[in-house]
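Take a look at the letters that make up each chain.
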Amino acid sequence: MKKSDIAVLISVGELVKELERYEEKHWDWNVEISTDVPVGEDEDLPCIIIGMQLDGEGNLRIEIEEEWAGGGDYHIDELLGRLQDFDPRTKVYLAGGGLLFSLDNHGGIFAESGDDDDALNCYATVFGEYEREPTGWLSESEKREQAENARKMARKERMETIALAALTAVIFFGLCYNVYALAVHSVRHAFWENIGGVVLCAFLLVICGLTLYYSKEKQ
């Protein structure tokens, strides 16, 4: 992060001081963030805090995503408790959807919501980008996509298992037929053909059986 970027960031101490103004009366209010560039697919939804950690440069990176479940994961009291684990001089920025944001502190960082949703609002301005990497936090759209992919994969695996089971049954029938033909000395096929059929069917039966077994173990 460039020095010019760090210069526009507020500190943990500033953030704590602002939050303490609302702690006594509104300790259980959720904290929501409005951004000048949408983090998710819905431009009308504010963002919520889903986690925080120090980055490689010692700045506090607060992860955000668009609100989708009717409230943030951090209310004022929880956020204050978490922020007190960091040095007050530590610079703070937000990260979400591949974008980096700084909190606007002109005229105060937070404002009470005009609605009846018991929320404390703040505004963030984009100042950079980052390459999105798996963090363990998933947005609602990512969760839906992941669940749909899991259903498709499970459906595909079930169909493959059914097809393999059917093939195994056919091979088993072929093995039984060739064994029976050998037992009654059928003249419809040469003796060596029945022996070859028994060996081939037995081999294929073992392969199919092992495939079925390990597919079940994988599931």
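Note that the structure is a prediction, hence the values are computed from the model and not measured.

## Concerning the overall build of the protein chain
The secondary structure content of the protein chain amounts to five helices and eight strands. Helices and strands in the protein chain line up, N terminus first, as α-β-α-β-β-β-α-β-β-β-β-α-α. Out of the 219 residues belonging to the protein chain, those deemed buried represent 36%. Restricting to contacts in the protein chain with at least 6 residues of sequence separation, those with at least 24 account for 71%. Counting every atom, the protein chain has about 13800 Å² of accessible surface; 55% of that belongs to carbon and sulfur.

## What about the pattern of salt bridges?
Counting across every chain of the model gives four salt bridges. Here Arg61 makes a salt bridge to Glu63, at a shortest N to O gap of 2.5 Å. Judged on exposure class, the residue Arg61 and its partner Glu63 are both buried. Among the salt bridges present, the one from Asp87 reaches Arg89, with a minimum N-O distance of 2.9 Å.

## Topic: the packing of helix α2 (residues 12-26) against helix α3 (residues 76-83)
At a minimum axis separation of 9 Å, α2 and α3 run at an interaxial angle of 145 degrees. Crossing hand, α2 versus α3: left-handed. Only Ile76, Asp77, Leu79, Leu80 and Leu83 of α3 make contact with α2, whose side of the interface consists of Val12, Leu15, Val16, Leu19, Glu20, Tyr22, Glu23 and His26. Across the contact of α2 with α3, the residue classes tally to nine nonpolar, one polar and three charged.

## A look at a negative patch on the surface
There is a patch of like negative charges on the surface, built from Glu20, Glu23, Glu24, Asp28, Asp77, Glu78 and Asp118. Secondary structure elements with two or more residues in the negative patch: α2 and α3. In terms of residue count, α2 provides more of the negative patch than any other element does, three residues in total. By secondary structure assignment, the location of Glu20 is in helix α2. Using a relative accessible area of 42% as the deciding quantity, one classes Glu20 as partly exposed.

## What to know about the pairing of strand β8 (residues 119-129)
Sheet analysis places strand β2 (residues 30-35) next to β8, joined by six bridges and oriented parallel. The partner of Val31 across the bridge, within β8, is Leu120. For strand β6 (residues 99-103) and β8, the ladder comprises five bridges, and the chain directions are antiparallel. Counterpart to Phe101 in the pairing with β8 is Val126. Bridge count between strand β7 (residues 110-112) and β8: three bridges; the pairing is antiparallel. The partner of Glu112 across the bridge, within β8, is Leu120.

Reading the values: the criteria
- Residues numbered from 1 in each chain as written.
- Predicted model: local features only at pLDDT ≥ 70, side-chain atom pairs only at ≥ 80, totals over all residues.
- Heavy atoms only, no water.
- Helix = DSSP H or I, 4+ residues; strand = E, 2+ residues; numbered from the N terminus.
- Buried < 20%, exposed > 50% of the residue type's maximum accessible area, 1.4 Å probe, protein only.
- Contact = heavy atoms within 4.5 Å.
- Areas by Shrake-Rupley, 256 points an atom, 1.4 Å probe, with all protein chains shown as cover.
- Salt bridge = Lys/Arg side-chain N within 4 Å of Asp/Glu carboxyl O.
- Axes fitted to C-alpha atoms, helices over the stretch in contact; angles between N-to-C directions.
- Left-handed = near helix turned anticlockwise from the far one by under 90°.
- Nonpolar A, V, L, I, M, F, W, Y, C, P; charged D, E, K, R; others polar.
- Patch = residues over 30% accessible without salt bridge, like charges linked within 9 Å, V, L, I, M, F, W, Y side chains within 5 Å.
- Lys, Arg positive; Asp, Glu negative; His and termini not counted.
- Charge placed at Lys NZ, Arg CZ, Asp CG, Glu CD.
- Pairing = 2+ DSSP bridges.

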